[in-house]
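Residue strings, one per chain:
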Amino acid sequence: AQTVTQSQPEMSVQEAETVTLSCTYDTSESDYYLFWYKQPPSRQMILVIRQEAYKQQNATENRFSVNFQKAAKSFSLKISDSQLGDAAMYFCAYRSSGNTGKLIFGQGTTLQVKP
Amino acid sequence: DGGITQSPKYLFRKEGQNVTLSCEQNLNHDAMYWYRQDPGQGLRLIYYSQIVNDFQKGDIAEGYSVSREKKESFPLTVTSAQKNPTAFYLCASSGLARPGGEQFFGPGTRLTVL
């Protein structure tokens, strides 16, 4: 069975600085998808970024980018120019290539942004 | 606007009562999911459904039941058999036609047992 691990329960960053959140996963599959979701204090889950395992190029979305290391089974999220609105809980999630669409979530990392 | 709605936002249950959480989506998604979130923890899958009139147990299905009579609706019943139901419940949906498509989430229901 697949597992997702986020080893940093809490992180903090100074406004305008860069922070990296770590995620590792375990799978025997070769084709899969990885996601980062953001959960702000409102508790609404918001998709931040998505990565297909068959793509070597790291995904980017504005200030958000990932470092996808398939062999190491690592999927970290880098937030550049951190803003106060980035303060939230961040979840890493794994989706198999099968058609159930099920997601397996990590435990989450709470990000604090200091002004 | 397309999206997922959950109701109620807050729900209080007495010991021994069954309660039903509503989840509706107008995204025309085939699959729907229910997750439980406990404080400081990740999301754990309770049940999911890929098609009307069919659903599968997730990792923590004991004490819960679901139905999928319409594509748009996937209500979750928390039964008296669930020993520790106080938690935040999230409903999600996903289109299965697009490989690797993300899940879209509702705003959640906070259930408290009195």
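This text follows the structure it describes.
Since we're looking at a predicted model, the values are computed, not measured. (Residues numbered from 1 in each chain as written. Chains lettered and ligands numbered in written order. Predicted model: local features only at pLDDT ≥ 70, side-chain atom pairs only at ≥ 80, totals over all residues. Heavy atoms only, no water.)

Once that is clear, we can look at the sheet that holds strand β8 (residues 76–78) of chain B. Residue and element names in this part refer to chain B. If you walk across this open sheet you meet the four strands as β1-β3-β8-β7, and the pairing is antiparallel. Both edges of this open sheet fall to β1 (4–7) and β7 (64–66), since each of them pairs with a single strand only. Adjacent strand axes in the sheet meet at a mean angle of 20° when their direction is disregarded. Judged from the four bridges that link them, β1 and strand β3 (residues 19–25) form a sheet pairing that is antiparallel. By the bridge assignment, Q6 is partnered in β3 with C23. (Pairing = 2+ DSSP bridges. Helix = DSSP H or I, 4+ residues; strand = E, 2+ residues; numbered from the N terminus. Axes fitted to C-alpha atoms, helices over the stretch in contact; angles between N-to-C directions.)

Turning our attention to the state of the cysteines. Residue and element names in this part refer to chain A. What the rule picks out here adds up to two disulfides over all chains. Two residues, C23 and C92, share a disulfide whose sulfurs are 2.0 Å apart. Looking along the S-S bond of the C23-C92 disulfide, the torsion reads about -70°, which is the left-handed sense. Of this pair, C23 sits in the loop between β3 (19–21) and β4 (24–26) while C92 sits in strand β10 (residues 88–96); the two residues are 69 residues apart in sequence, bridging distant segments of the chain. Just as C23 is buried, C92 falls in that class too. (Disulfide = S-S within 2.5 Å. Buried < 20%, exposed > 50% of the residue type's maximum accessible area, 1.4 Å probe, protein only.)

What follows concerns the interface of chain A and chain B. Residue-level contacts link 20 residues of chain A with 25 residues of chain B. It is R43, R95 and K102 of chain A that lose the most area in chain A upon contact with chain B, and together they represent 27% of the buried surface on that side. At the boundary of chain A with chain B, the tally comes to zero salt bridges. Along the contact surface separating chain A from chain B lie seven residue pairs in polar contact (both at pLDDT 80 or more). Of all the elements in the fold, those that place two or more residues in the side of chain A that touches chain B are β5 (32–39), β6 (46–52), β10 and β11 (103–105) of chain A. Among the elements that take part in the side of chain A that touches chain B, β5 of chain A stands out by supplying four residues, more than any other. For the side of chain A that touches chain B, the per-class residue count stands at nine nonpolar, seven polar and four charged. (Contact = heavy atoms within 4.5 Å. Buried area = accessible area lost by both parts, 1.4 Å probe. Salt bridge = Lys/Arg side-chain N within 4 Å of Asp/Glu carboxyl O. Polar contact = N/O pair within 3.5 Å; in protein donor to acceptor, adjacent residues only side chain to side chain. Nonpolar A, V, L, I, M, F, W, Y, C, P; charged D, E, K, R; others polar.)

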